[in-house]
Amino acid sequence: MSDTAIDEKNVNIRFAGDSGDGMQLMGSLFTDSTAISGNDIFNLTDFPAEIRAPAGTIPGVSGYQLRFADHKIQTPGDNTQVLVAMNPAALKANIQNLVSGGILIYNSDSFTARDLKKAKYLENPLETAELLQYRLFGIPMTELTLQAVKNLELTQSAAKKCKNMLALGIIIWLFSKPVKPIEKWIADKFVKQPLSAEANTLALQAGYSYAEVSELFTEQYTVAHANLTHGHYRKVTGNQALALGCVAAAQLANLPLLFSGYPITPASTVLHDLSQYKNYNVKTFQAEDEISAMCATIGAAYGGSLAATITSGPGLDLKSEALGLAIMTELPMVIIVVQRAGPATGMPTKNEQTDLLAALYGRHGESPLPVLAANKPHDCFYSVLEAFRVAIKYMTPVILLSDGYLATGADAWHLPEIKDLPDLAPIFLTKAEDFTPYQRDPISLARPWVKPGTPGLEHRIGGIEKENGSGNISYDPDNHQQMVDLRKNKIDGVLADLPLPEILGKDQGDVLVISWGSTLGAVATAVEQLQTEGAAISAMHLQYLYPLHNGIKFIAKSFKYILIPELNTGQLWKLLRMEFLLDAVPYNKVTGQPFTVTELVAAMRELLAECEKTYDKHQPLR
Amino acid sequence: MTKTKLTRQDFTSDQEVRWCPGCGDYAILANMQRVMPELGIPKENIVFVSGIGCASRFPYYMDTYGFHTIHGRAPAVATGLKLSRPELSVWIVTGDGDGLSIGANHLIHLLRRNLDVNVLLFNNRIYGLTKGQYSPTSEVGKITKSTPNGSIDRPIDAVSLALASQATFVARCFDVDAAGLQSLIKAANQHNGTSFIEIYQNCNVFNDKAFAHISDRDVRADKTVWLEAGKPLLFGNNNDKGLVRDANGFSVIDVKSAADLQKVYVHEPRHGDSSYAFQLSQLSYPDFPVPMGILRQVEQPTYENCLQEQVDASIKKNGQGDLQTLLNSGTVWEM
Ligand code: SF4
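This one's a predicted model, so the numbers in the text were calculated from it and none came from an experiment.

Time to look at the overall build of chain B. Assigned secondary structure in chain B consists of 13 helices and 14 strands. Relative to the globule expectation of 20 Å for 335 residues, the C-alpha radius of gyration of chain B, 22 Å, shows essentially globular dimensions. Each principal axis of the C-alpha atoms in chain B carries an extent, and together these give about 90 × 50 × 50 Å. If you take every contact in chain B between residues at least 6 apart in sequence, the share linking residues at least 24 apart comes to 65%.

Another aspect to go through is the sheet that holds strand β8 (residues 257–261) of chain A. Residue and element names in this part refer to chain A. Strand order in the open sheet formed by 7 strands is β9-β8-β10-β11-β13-β12-β19, and the pairing between neighbours is mixed. The open sheet has two free edges, formed respectively by β9 (282–286) and β19 (544–546), since each of these has just one partner strand. Adjacent strand axes in the sheet meet at a mean angle of 20° when their direction is disregarded. The sheet strands contacting helix α12 (residues 313–329) are β10 (306–311), β11 (333–339) and β13 (397–403), and the helix crosses β11 at an angle near 160°. Contacts between helix α14 (residues 379–394) and the sheet are confined to β10, β11, β12 (371–373), β13 and β19, with β13 contributing the most and set at about 165° to the helix.

Below, the discussion takes up the nonpolar core. Residue and element names in this part refer to chain A. In terms of nonpolar packing, the biggest core is built from 171 residues, with F259, L274, L331, I336, I399, I514 and L572 touching the most fellow members. The element contributing the most residues to this core is helix α9 (residues 238–253), with 11 residues. Each residue touching L572, except ones within four places of it in the same chain, is listed here: L356, I514, S515, W516, L542, L545, I564 and E566. One finds L29, Y64, F137 and L174 within the second-largest nonpolar core, a separate group that totals 54 residues.

All names here are of chain A. Mapped onto the fold, L575 is located in helix α19 (residues 571–580). Residue L575 is classed as buried on the basis of its relative accessible area of 1%. Sequence separation between L575 and L357 is 218 residues, and the spatial gap between their C-alpha atoms is 8.2 Å. Ignoring anything within four residues of it in the chain, the contact list for L575 reads L357, L360, Y361, L545 and L548.

On to the site of the ligand, then. Close to the ligand lie W19, C20, C23, C54, N124, G128, Q201, C203, N204, V205 and F206 of chain B. Of the residues that constitute the shell around the ligand, the class distribution is 7 nonpolar, 4 polar and no charged.

Bringing helix α1 (residues 23–36) of chain A into the picture now. Residue and element names in this part refer to chain A. Between the first and last C-alpha of α1 there are 20 Å, a value that for 14 residues agrees with the 20 Å anticipated at 1.5 Å per step. Across the 14 residues of α1, 12 count as buried, placing the element largely inside the fold. Those residues of α1 that fall on the buried side of the exposure criterion are M23, Q24, M26, G27, S28, L29, F30, T31, D32, S33, T34 and A35. One or two residues past the end of α1 sits G38, with phi positive at roughly 100°.

Bringing the domain arrangement of chain A into the picture now. Residues and elements named next belong to chain A. Its domain assignment divides chain A into domain 1 (10–213), domain 2 (234–420) and domain 3 (503–610). Its C-alpha centre places domain 2 at a distance of 26 Å from the equivalent point of domain 3. Across the boundary between the two partners, domain 2 contributes 28 residues, which contact 25 residues of domain 3. For the domain 2 and domain 3 pair, buried surface summed over both sides reaches about 2,200 Å², with 61% attributable to carbon and sulfur atoms. A per-residue breakdown of the area domain 2 buries against domain 3 is headed by Q353, L356 and N375, which together make up 28% of the total. Linking domain 2 to domain 3 there are 0 salt bridges. For the pair domain 2 and domain 3, the interface holds 12 residue pairs in polar contact (both at pLDDT 80 or more). Residue assignment for the side of domain 2 that touches domain 3 shows that the elements contributing at least two residues are α13 (356–361), β12, α14, β13 and α15 (404–408). Sort the elements by how many residues they give to the side of domain 2 that touches domain 3 and α13 lands first, with 4 residues. Split into classes, the residues belonging to the side of domain 2 that touches domain 3 amount to 16 nonpolar, 5 polar and 7 charged.

All names here are of chain A. Running from N to C, helix α6 (residues 163–174) and helix α8 (residues 194–213) cross one another at 40°; their axes reach a closest spacing of 7 Å. Considering their axes alone, α6 and α8 lie oblique with respect to each other. The interaxial crossing formed by α6 with α8 has right-handed handedness. Judged by residue contacts, M165, L166, L168, G169, I170, I172 and W173 of α6 engage N200, A203, L204, A206, G207, Y208, A211 and E212 from α8. Residues of the contact of α6 with α8, tallied by class, amount to 11 nonpolar, 3 polar and 1 charged.

What counts and what doesn't
- Residues numbered from 1 in each chain as written.
- Chains lettered and ligands numbered in written order.
- Predicted model: local features only at pLDDT ≥ 70, side-chain atom pairs only at ≥ 80, totals over all residues.
- Heavy atoms only, no water.
- Helix = DSSP H or I, 4+ residues; strand = E, 2+ residues; numbered from the N terminus.
- Rg over C-alpha atoms; globule rule 2.2 N^0.38 Å.
- Contact = heavy atoms within 4.5 Å.
- Pairing = 2+ DSSP bridges.
- Axes fitted to C-alpha atoms, helices over the stretch in contact; angles between N-to-C directions.
- Core = buried A, V, L, I, M, F, W, Y, C linked by side-chain atoms within 4.5 Å.
- Buried < 20%, exposed > 50% of the residue type's maximum accessible area, 1.4 Å probe, protein only.
- Near = heavy atom within 4 Å.
- Nonpolar A, V, L, I, M, F, W, Y, C, P; charged D, E, K, R; others polar.
- Expected span 1.5 Å × (residues − 1).
- Domains from an automatic or database assignment.
- Buried area = accessible area lost by both parts, 1.4 Å probe.
- Salt bridge = Lys/Arg side-chain N within 4 Å of Asp/Glu carboxyl O.
- Polar contact = N/O pair within 3.5 Å; in protein donor to acceptor, adjacent residues only side chain to side chain.
- Parallel < 35°, antiparallel > 145°, perpendicular 65-115°, else oblique.
- Left-handed = near helix turned anticlockwise from the far one by under 90°.

Put into structure tokens, the structure is as follows:
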């Protein structure tokens, strides 16, 4: 089809409907069928901000976005090529992201005066010029669904509920995907409700046949198999990966896990997931508040469990005093912060990277701790393992940053073999001559981990400054200086384990893009695109935000410009300037939305053009 | 390593005790060190967890495991510890500011969850460590550094709060009542669930004699009633007064005859209805004797056991979790 925006290498489709329309299920089943047929995938979901918004209204719209491709992809895509809108509100909420020439498939039965009014359309958009730039496919989905299941003894509303399957059948045909895996899923899911199984299967098949025989569509599309590393894959959201990472860390450390949390968007689903994994030696504790969740984590670490807590920005603020206690008592634990738009309540379901400096510096006193950030949904899994590795080795709390985009976004995860995962087993001190609680390992500077219950090693710890070694209360000025230095040196020592952050591209050139966290996918995609065009641009993505690798400043010297794109007002930019006197150009956005590749490419081009214009290429700036 | 018979000395740490001379905390510490050997718990299995305040220095002086945490948070730290290590004997030491002001929320939730831990709340009705501001248990009109014109907020009663939080073991005692204190520590240790003991403690520096009007030898019998399970609520020098209870609550009678004695209410800490204990907790000076001893003691499942049961049930139902199976769950495809 020459006149469409469909690129068979890479399709971005969005399912939108009322939150009761089953869009998430439809999206996730379609994702499975694309993944099974060999495409790489990346998906984003957006749930309504309100819990029970009235049906048919814009606040009630639920969306599922999937990008599938015949090559490796790292983002959910900047805009949509295919929009499936189950009602006028879904259309209104999503049409602005549909590219000109894109396919709009809508449920024509829902474009009634009543539904149009609920969506606050003054005129029926189908009858105005507004949609002329798209390829429109109106399908009476409700009617077709009712027809398909008319021989079953279903109530009208139960019958109508199957229309997501009808729509799915249409899309499955349109993209030449197999229908069998979905039929199997339905059979498995509704094994105890044969009537529902039959109704959903009939609707699915009816959609498929309708697309095939109605001649509405003149073409089918095929997105070829992507050439990915051989192995087993699954789809995983960042939050699912965090939960799995915690279970894995407990198994790899051979310790029970106590996971404490207080409900907060967008972190809560990790607590939900873990509460279902109790047979993995996992205990979850929903605390009375954020402070309690943090303190229970400290108590569990003191008791010798693997201990973790999860929160978002507002909770991090509340946890900060107790984090100081964790630093002072030098106990191992992981604090996961799934960032959201702030300050105060902000926009809980929207995405930002605005808690970086809070994670690094949001505590009183000199209170350093390692801070690292996950960069892809599946990377959340490995980040948890790394956070625990460092926590245990260095006897320190570690903050792991994720964000709302990673939390609900999903990518294809090449599943690891357990034997390839790191061994996290700690060594507990059980016997010692002349034991003191703050004796230190000469290399890591870590103090020993001693479990209460160990005979002969009874000791007291607490938040008051300790005498180095003995752990006794001390107000001695020199001792305080020494302990402040020791605590910092210990954390700086984590660098000994860390390789120089990888460079995407050459290690010298015009522009070096430095980024962190969830922007990796968009940044790397943008940089790769410009590299194919021949630009002298490279990227370096930081996993650790504290301690910062010294090598960063040396690499930066080999580039004329440093660009730091962030979803905040320049927090890493400030940090690198402060630590390394790095003269970098910030590129910031704080809209609650992730970067698009397009805007990053534009920002990079601008800086590349600056290089051409202002400076002789052979004359380094620094 | 564990000696079969421990002594008071075994529970005394090498740290110099730093309370003001004459402070009521000394007596509490001495009684604790004296009782501990009788509890039969290996000392490595005992952990004292405290918050911030004079009372919270306590763990440093006990030669057990100890954790001096931050202001108000001892119950939360202890909760994590107990969930992680249910077999440990955990003792929380807090004060009126620590436990009823900054940390009141944690205290309430600890009590309602009924973890098997023990709480000792040293109530001296003043902030001592910060040098004398009124506390949430100070009486109205208290003149302190921060309330030169007298405090205007009404005091909270620790025992009433504990009862309202559905605590399963609630008791009260004086720092100077060695026998009473020791018996309560033992009973608390025996109790399966959260034990809460409020200890009226004298701060001789900033709030001296705050309890003298009820604790002094010459008035104690008249101004307090020692609660004993199954015994009538008698008080006074020769047990010549008693508490009777009717629809209007409690009233005091003189007990001169066997008939009078019949009318006196018999204390039952296991009373199914907690409003009885609450009513008791509301008896206050000067109209009533202040109840001391165990107000309420009932059996309820402990939080850590319930949680462990869920873990066990999950293992029984699903088998011991296999990590590879978990990672590979959901739709898995091969490339
Ligand atoms: S200030 Fe009061 S409570 Fe604190 S140690 Fe001194 S006497 Fe005891």
